[in-house]
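# Descriptive structure summary
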Amino acid sequence: MQYILRALRNISGRPMGRFPGAHPVTFTRKRLPFIQRHAYMVTEKTDGTRYLLYVNKKSGVFLIDRKLQFVACNIRGNLPRETILDGEMIFENGVYVFYAFDALCYDRINVTQLPLQDRLRTIHQFIRRVQNPLFKLKAFYKVQHTYQLLTDIMPKLLHPSDGLIFTPCLDAYEPQKPILKWKPSSLNSVDFLIRGGKCYVNDRKEPVAEIEETRELVGECVWRGRWVLERVREDKRAGNSFKVYQDIVNDLKNPLTARELCSFIAHRINTL
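Moving on to the sheet that holds strand β16 (residues 217-223). Pairing is antiparallel across the open sheet formed by five strands, whose spatial order is β15-β14-β13-β16-β17. Strand pairing shows two members of the sheet lacking a second neighbour, β15 (209-210) and β17 (227-232), which therefore form its edges. One ladder, built from two bridges, connects strand β14 (residues 198-200) with β15; its direction is antiparallel. Each residue of the ladder has a partner; that of lysine 198, found in β15, is glutamate 210.

Okay, here's the thing in structure tokens:
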């Protein structure tokens, strides 16, 4: 699979062996000005597992996880030449579906420097071409439709959704401005490396918290008066950064609520 890793390096510009793509940061109150000053689009945040989808009509279809482990997929049909999409696997109606939310390459054309909406159009082209119900395009909306997304659209989804993702519209695949992740404070979580009942983040040698867990693992943890293991993250080798941990702790103390977020959008963005 070295040729696929080389393709990822050449297309994304990331060093060999590094998973490409930006990771969202917690949407705290101090980051509200980003969606006021810059063009963003919003989509629902699905509690799925992130993968890259590599497609090549000669070599087949593969899912690539954050550990750069490969899973071959038995997908046939009118496949394009080298294509790489970013997305997540979601369990929906009894089957796993790949929801694509970004694109790196389509039919050997590097699209990483195109604006978001153009990259989404290439995903749409891919889905129309392959005609496979296991591939779907994640729906994006104008930021002004955040309230409708929360109240009307998300409750009707066929899969669980635990928040919102705000993505810069005009930036490249790896944007200059942050991708923002909003969740209700009660659902916010931190991925820790857990060892000996201690919680570690990936850029600190000393533990930042304690937990009632004896196994050594990377786990998604939520705050319930104490840190509680929500699920094991077998797709990750390390915990979140100390900055992510700080953002979550600050949000737990002073949360950005859905009402406040929608009110900000209604009064600061809809009136522009």
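Picking up after the structure, the text goes on.
If you look at the biggest cluster of nonpolar residues, it comprises 25 residues, and the most contacted ones within it are Leu53, Val61, Leu85, Phe98, Ile123, Phe126 and Phe135. At the level of secondary structure, the elements contributing two or more residues to this core comprise β3 (49-56), β4 (60-64), β6 (83-92), β7 (95-106) and α3 (116-130). With six residues, α3 is the single largest residue contributor to this core. Apart from the residues within four sequence positions on either side, leucine 85 is in contact with Tyr51, Leu52, Leu53, Phe98, Ala100, Asp102, Ala103, Leu104, Cys105, Ile123 and Phe126.

With that out of the way, let us pick up the packing of aromatic side chains. Under the counting rule described, the total for this entry stands at nine aromatic pairs. With a centroid separation of 5.9 Å and 40 degrees between ring planes, the pair formed by phenylalanine 242 and tyrosine 245 is classed as tilted. One end of the pair is phenylalanine 242 and the other is tyrosine 245, both in helix α5 (residues 242-253) and three residues apart, which spans about a single turn. A connected cluster of aromatic rings, assembled from ring pairs, spans Phe192, Trp223, Trp227, Phe242 and Tyr245.

With that settled, the discussion passes to the pairing of β3. A large share of β3 lies buried, amounting to seven of its eight residues. Pairing analysis gives five bridges linking β3 to β4, with the strands arranged antiparallel. Note that in β4 the partner of asparagine 56 across the bridge is glycine 60. In this antiparallel pair of consecutive strands, β3 and β4, the connection spans three residues.

The subject of this paragraph is the sheet that holds strand β11 (residues 161-168). Sheet architecture is open: five strands sit in the order β1-β12-β11-β2-β10, paired in mixed fashion. Here the strands that pair on one side only, and so sit at the sheet edges, are β1 (25-26) and β10 (141-142). Here two bridges tie β1 to strand β12 (residues 180-182), and the two strands are oriented parallel to one another. Bridge assignment links valine 25 to a residue of β12, and that residue is leucine 180.

Procedures and definitions
Residues numbered from 1 in each chain as written. Predicted model: local features only at pLDDT ≥ 70, side-chain atom pairs only at ≥ 80, totals over all residues. Heavy atoms only, no water. Pairing = 2+ DSSP bridges. Helix = DSSP H or I, 4+ residues; strand = E, 2+ residues; numbered from the N terminus. Core = buried A, V, L, I, M, F, W, Y, C linked by side-chain atoms within 4.5 Å. Buried < 20%, exposed > 50% of the residue type's maximum accessible area, 1.4 Å probe, protein only. Contact = heavy atoms within 4.5 Å. Phe/Tyr/Trp six-rings, centres within 6.5 Å; stacked < 30°, edge-to-face > 60°.

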